[in-house]
Amino acid sequence: MSKASIVREWTRPDGSKCVGGSEDNAKAPPGSLMLYNSLLDEKVPFVPASGPGSKSLSWYTCGPTVYDVSHMGHARNYVTFDIIRRVLEDYFGYNILYVMNVTDVDDKIILRARRNYLLAKYKEGKHTDAEVKAFAEKAVQNSFAKQSAKLAEAEAFVVAAKEEQEAAAADKKGGLQRQLNELEGAIKNEAHKLSQIQTALSALGQAGDSATIYAVASDFVAEELDREQGKSVTDSSIFRAHAAKYEAEFTQDMDSLDVRRPDVLTRVSEYMDEIVDYVKKIVDNGMAYESNGSVYFDTTNFRACGHTYGKLKPWAVGSSALAAEGESNFETSEKRSNTEFALWKASKPRKPFWESPWGQGRPGWHIECSAMASTLIGSRMDIHTGGDDLRFPHHDNELAQAEAFYHNEGCHQWVNYFLHSGHLEIEGLKMSKSLKNFITIREALKSFSARQLRLLFVLQSWNKSMVYGEASRAEMKAREAQLKNFFQNIEVAVRGVDEITSCAKWQAEERDLSQKLQAVQNQVHEHLLDNLNTAAVMDTLSELIKSTNIYLSKKRESASAAAPAQPLLLRKVATYVTRMLSMFGIVDASWDKPGFADAAGGAGDAKGAGYLDAFAAFRDEVRSLARTKADPKETMTACDRVRDVALVELGVRLEDRPDGKAIWKLDDPAVIKAEQQERAKTASEAARKKMENALNLKQIAVPRDVVGST
């Protein structure tokens, strides 16, 4: 079966078949939750495997391969699915068994650990700056030659794909076009890598001391050392320590982003017996074979047994260019076909190994997830998630392995709903370690709070690519400012008001706002049913906030004791907004307590003492000015100083009102200071422009004869 002729099919949990592109796929009873399912690349009704009325779900998500630091591309995936998990649990009321793996045995880990070890040893050696530079230049030049060949190969793949696409029948052009698009994207990636090497070569020419050389070329030096000395690294504890270090860092990063921890965490190293047994059963079922101590999945016999290989990305099947990054040893001569992949890899000298019926070795990349998920969840799974780059080969191979394992049980669909998060792009490229264009989570958290980063993702469609750029960051900051201002305005409006004894009669404005709230609640529900559209939810909440602000503005303008702002209604609106934000993980507090928890201010003794100290110091200054009969301007300056300095340090925003009565709001001191700096910068720029304009006008006013005589 060719890759272009694979029919996209999906079986609903009730057993009815769906074919890709059919209008019937989206048919569902009113009020059904619709999810974008990668098995069809369409939105389909969500129904639990245990029945339409069930609230029990099983969910497996691909966790990290712990070989390096976590970056914002990882945050995009894990925070996004944390948001989806929260919505399903906290809004729709599902009880989820959430399983996540950690890949702590992998070729990437072995390679990175070995290179880091060799680089550290090299740096400890007594090498002159000239020796280090000469070695680095050789390393970078070798990388340049290797990458130039990869770029040429990628370009050749595109030429061949274009020819195939042009010659194909009309019904096959769609899949071939998607393959061509991805291959053209691969050229961009390879060209970017080559450009980085060229930049390193140029910078290396200017580098003089070893520290600068390593800053420019350490990765290339490590790669060259591994090429020359990699076989000398024999201590397996180096690999274990490397994986443990980055697993710990990943966990810390997820905690920093307020990502809920999984219910079950599975490590490859702890499930080796289950993995070996899993491979053995696939062999016994006739869909895998042994070759020189390795075991390979037999895709030909898998298809002959009535299964479909390449459900998620059929246009990529058989393309080494689209599988190369995830499928090492793709072109090995041990395989019968280039579509086959390793379930078990025979041990190589000085690499970690485990015992198996086929000799010493270690698992292939894909088998771990099939084996561990099957052990905990079984032959039918509700939801499987991961980044879009894992569709092929990883997730397609997972599906094939599980169907082969459960073949005698009649399994043809191990996962009912496959959800893939969209890429995070930067400067037109996917953010990834291989492209070296990533921003680590820890670097991002130096500039943004965890709440801001979560807002960044909530404002995007979960299954589409998004750009990590100035526009998305500006929108995130604007939304946070809107939310803060909303909660502060509500707090000011209800401050000191007895909700029960105050005038409670509703006027037309209250009825309008209440109707707006009800309409928003219905709209939010519809948005969540529509593929968990969090971006639309946030837009709808924004409209509610605007309506509430207009309501408050009208009440302030009228200032009627007979028709004040209604605190119970305002609290209801604020509580609903807080509930939605809490569900997304943006508010880390009980949703029945409106507002941002960290903006409520600390009421502890230390905070209270700070307020009292500020008041006492201000009082002392005012009394001193009064005794000396100082100019009233000095008193006003003292008032401005306590507003702009002392209270800011305490996180108090004091705002002057036209009626002469100031109001206070609580906020992050850093945010208030940043706003002050921006205002000062704007004022300085305005003053500079005013002076320039004045000088220009003065020059224009000078008579021509005066100018000519100078």
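Residues numbered from 1 in each chain as written. Predicted model: local features only at pLDDT ≥ 70, side-chain atom pairs only at ≥ 80, totals over all residues. Heavy atoms only, no water.

Participant: Would you mind showing me how to read the overall build of the protein here?
Facilitator: Broken down by element type, the protein carries 21 helices and 18 strands. Once the C-alpha set of the protein is aligned to its principal axes, its extents read approximately 100 × 75 × 60 Å. Out of the 710 residues in the protein, the part that is buried amounts to 47%. Looking at the protein as shown, the accessible area adds up to about 34,000 Å², and 52% of this sits on carbon and sulfur atoms. (Helix = DSSP H or I, 4+ residues; strand = E, 2+ residues; numbered from the N terminus. Buried < 20%, exposed > 50% of the residue type's maximum accessible area, 1.4 Å probe, protein only. Areas by Shrake-Rupley, 256 points an atom, 1.4 Å probe, with all protein chains shown as cover.)

Participant: I keep staring at the side chain of Gln452 and nothing clicks. Help me out?
Facilitator: Here Gln452 is to be found in helix α13 (residues 450-458). Among the residues examined, Gln452 registers a relative accessible area of 13% and is labelled buried. A polar contact is formed between the side chain of Gln452 and the backbone nitrogen of Ser449, at a distance of 2.9 Å. Every residue in contact with Gln452, bar those within four places of it in the chain, is listed here: Ser447, Met476 and Glu480. (Polar contact = N/O pair within 3.5 Å; in protein donor to acceptor, adjacent residues only side chain to side chain. Contact = heavy atoms within 4.5 Å.)

Participant: What exactly am I supposed to notice about the sheet that holds strand β9 (residues 294-297) here?
Facilitator: Two pairing modes exist for strands in a sheet, parallel and antiparallel, and in both the strands are linked by backbone hydrogen bonds. Taken in spatial order, the four strands make up an open sheet running β8-β9-β10-β11, and their pairing is antiparallel. Because the sheet does not close on itself, it has two edges, and the strands there are β8 (288-291) and β11 (361-363). Taken pair by pair, the neighbouring strands of this sheet meet at an average axis angle of 25 degrees, ignoring direction. The sheet contact formed by β8 and β9 spans four bridges and is antiparallel. Following the sheet pairing, Ser291 is matched in β9 by Ser294. (Pairing = 2+ DSSP bridges. Axes fitted to C-alpha atoms, helices over the stretch in contact; angles between N-to-C directions.)

Participant: Got a minute to help me understand the packing of aromatic side chains in this structure?
Facilitator: By convention here, two paired aromatic rings are described through the distance between centres and the angle between planes. Overall, the coordinates contain 17 aromatic pairs when judged by the stated rule. Between Trp344 and Trp358, the ring centres sit 6.1 Å apart and the planes meet at 50 degrees, which makes this aromatic pair tilted. Placement of the pair is Trp344 in strand β10 (residues 342-346) and Trp358 in the loop between β10 and β11, with a sequence separation of 14 residues. Note on Trp358: relative accessible area 16%, which makes it buried. One aromatic cluster is present, built from ring pairs that chain together Trp10, Phe46, Tyr94 and Tyr417. (Phe/Tyr/Trp six-rings, centres within 6.5 Å; stacked < 30°, edge-to-face > 60°.)

Participant: Is there a simple way to think about the sheet that holds strand β16 (residues 466-467) in this case?
Facilitator: Strand order in the open sheet formed by three strands is β15-β14-β16, with mixed pairing between adjacent strands. With partners counted over all chains shown, the strands left at the sheet margins are β15 (429-430) and β16, one partner each. Relative to β15, strand β14 (residues 424-426) runs antiparallel, the two being bridged by two bridges. Residue pairing across strands places Glu425 opposite Lys430, the latter belonging to β15.

Participant: I would appreciate a short explanation of the pattern of salt bridges in the present structure.
Facilitator: In total, this model carries 53 salt bridges according to the counting rule given. For the salt bridge of Asp284 with Lys280, the shortest nitrogen-to-oxygen distance reads 3.4 Å. Placement of both Asp284 and Lys280 in helix α7 (residues 272-284) is noted, with a separation of four residues, approximately one turn of the helix. Ionic pairing is found between Arg643 and Asp644, a salt bridge with its closest N-O pair at 2.8 Å. With relative accessibility at 31%, the residue Asp644 sits in the partly exposed group. Bridged by salt links that share partners, the residues Arg8, Asp41, Arg178, Asp388 and Arg391 form one connected network. (Salt bridge = Lys/Arg side-chain N within 4 Å of Asp/Glu carboxyl O.)

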